[in-house]
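One letter stands for each residue in the lines below.
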Amino acid sequence: MARAGGDVRLTLAGGEIEARWAGAPAEDALVLLHEGLGSVAQWRGVPDELARRTGRPVFAYSRFGYGGSSRCALPRPHDYLEREAVDVLPRVLEAAGIRGGHLVGHSDGATIALLYAARCAPPGLRGLVLEAPHVFVEHACDDELRRAREAYERGDLRARLARYHGDQVDVAFYGWNDTWLDPAYGSWNIEALLPSVRVPSLVIQGENDRYGTRAHADAIVRRVGAPSTLLLLPCGHTPHRELPEETFGAIASFLERYP
């Protein structure tokens, strides 16, 4: 890795992971976990902005099947988020030389952060920033998932996502969309694991999020086994893009409170 950070590739069993450091690589870092259609590139300026505001190195990576990382097989298993948290994330952190710090997850990434904290309970983990997290399947949001599929198959969403995911864009989209719309996935629920989360958390939820209501955030704040703060913002599913000042300011304050 370059001392000043930048783009890196990590070799894991099963393929390569694309990653990026904002700031010099370090054992203690903020680790970004992207959403269900995200990648390193789709964080845009977030890593650099967080590094600037917090003075901490920031590490982002694309999961298998996304961005420039190696492919994954479809269909995704119904426990794919658990597998990302328990099997893949620890190997990514080890390969990157990260031993501790905070996880900053968006949407599916926030769920992976929760599962990692609950199932792995690593001693170096200091806290979680959870943006638009999911802890159960909310069928009220199925219409939005169907609209996304319509935009992908009949609109320009596929072309827009292909700029980031290249020739594996279908893997990225259908791996996410097919899973959440699968009737057999409807019983997925991780609320019982929340008391096992023993590190502080900041939950950021958009009041107009069409992919999940504040019920997810309320469940987390109520049930985790450590102090948890809820920040409701007048925005949709992506607070860091829609209301960056409020979002980054809250993250910086949380890190000062729980360094």
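Look up a bit, the structure's there.
About the thresholds
Residues numbered from 1 in each chain as written. Predicted model: local features only at pLDDT ≥ 70, side-chain atom pairs only at ≥ 80, totals over all residues. Heavy atoms only, no water. Helix = DSSP H or I, 4+ residues; strand = E, 2+ residues; numbered from the N terminus. Rg over C-alpha atoms; globule rule 2.2 N^0.38 Å. Buried < 20%, exposed > 50% of the residue type's maximum accessible area, 1.4 Å probe, protein only. Contact = heavy atoms within 4.5 Å. Pairing = 2+ DSSP bridges. Phe/Tyr/Trp six-rings, centres within 6.5 Å; stacked < 30°, edge-to-face > 60°. Lys, Arg positive; Asp, Glu negative; His and termini not counted. Salt bridge = Lys/Arg side-chain N within 4 Å of Asp/Glu carboxyl O. Axes fitted to C-alpha atoms, helices over the stretch in contact; angles between N-to-C directions. Parallel < 35°, antiparallel > 145°, perpendicular 65-115°, else oblique. Left-handed = near helix turned anticlockwise from the far one by under 90°. Nonpolar A, V, L, I, M, F, W, Y, C, P; charged D, E, K, R; others polar.

(A) The overall build of the protein, seen in detail. Helix and strand counts for the protein stand at nine helices and eight strands. The C-alpha radius of gyration computed for the protein amounts to 17 Å, which stays within 12% of the reference 18 Å derived for 259 residues, consistent with globular compactness. With the principal axes as the frame, the protein shows a C-alpha extent of 45 × 40 × 30 Å. Residues counted as buried form 56% of the 259 residues belonging to the protein. Within the protein, residue pairs in contact and separated by at least 24 positions form 76% of the contacts whose partners lie at least 6 positions apart.

(B) Here's a closer look at the pairing of strand β4 (residues 58–61). Along β4, one buried face is formed by Val58 and Ala60 and the opposite face, lined by Phe59 and Tyr61, is buried too. Bridging between strand β2 (residues 15–22) and β4 involves four bridges; their strand directions are antiparallel. Residue pairing for β4: Ala19 is matched across the bridge by Tyr61. For strand β3 (residues 28–33) and β4, the ladder comprises three bridges, and the chain directions are parallel.

(C) Spotlight on the packing of aromatic side chains. According to the stated counting rule, one finds eleven aromatic pairs in the structure shown. An angle of 85 degrees between the planes, with centres 5.4 Å apart, marks the rings of Tyr152 and Tyr174 as edge-to-face. One end of the pair, Tyr152, is in helix α4 (residues 142–154); the other, Tyr174, is in helix α6 (residues 169–181), with 22 residues separating them in the sequence. Judged by centre distance (5.7 Å) and plane angle (70 degrees), the ring pair of Phe173 and Trp176 falls under edge-to-face. Pair noted here: Phe173 and Trp176 are both in helix α6, with a separation of three residues, about one helical turn. In terms of burial, Phe173 and Trp176 fall into one category: buried. Here the aromatic residues Tyr152, Phe173, Tyr174, Trp176 and Tyr211 are joined through ring pairs into a cluster of three or more.

(D) Spatial organisation of the side chain of Glu84. Structurally, the position occupied by Glu84 is in helix α2 (residues 80–96). One buried charged residue, Glu84, remains without a salt bridge, the closest side chain of opposite sign being Arg76 at 4.2 Å. In this structure, Glu84 is in contact with Arg63, Arg76, Leu89 and Ile112, ignoring residues within four places of it in sequence.

(E) Region of interest: helix α1 (residues 46–54). Buried residues of α1: Val46, Pro47, Glu49, Leu50 and Ala51, and no others. For α1, the elements touching its buried residues are β2, β3, β4, α8 (239–242) and α9 (244–257). Positive backbone phi, at 70 degrees, marks Gly55, one or two positions downstream of α1.

(F) Quick peek at unusual backbone geometry. A cis geometry characterises the amide bond from Leu74 onward to Pro75, with omega recorded as -5 degrees. The topology assignment puts Pro75 in the loop between β4 and α2. The phi angle at Ser107 is positive, at roughly 60 degrees, despite the residue not being glycine. One can find Ser107 in the loop between β5 (100–106) and α3 (108–119). Residue classification places Ser107 among the buried residues on the basis of a relative accessible area of 4%. The phi angle at Ala121 is positive, at roughly 45 degrees, despite the residue not being glycine. Inspection of the secondary structure puts Ala121 in the loop between α3 and β6 (125–131).

(G) Spatial organisation of the packing of α4 against α6. Two elements in contact, α4 and α6, have axes whose closest approach is 10 Å; the angle formed by their N-to-C orientations is 155 degrees. By the angle class used here, α4 and α6 are roughly antiparallel. Here the hand of the crossing between α4 and α6 comes out left-handed. Touching Asp142, Leu145, Arg146, Ala148, Arg149, Tyr152 and Glu153 of α4 are Val169, Asp170, Phe173, Tyr174, Trp176, Asn177, Asp178, Trp180 and Leu181, all from α6. For the contact of α4 with α6, the residue count by class is nine nonpolar, one polar and six charged.

Function cannot be read off these values alone, since they describe shape.
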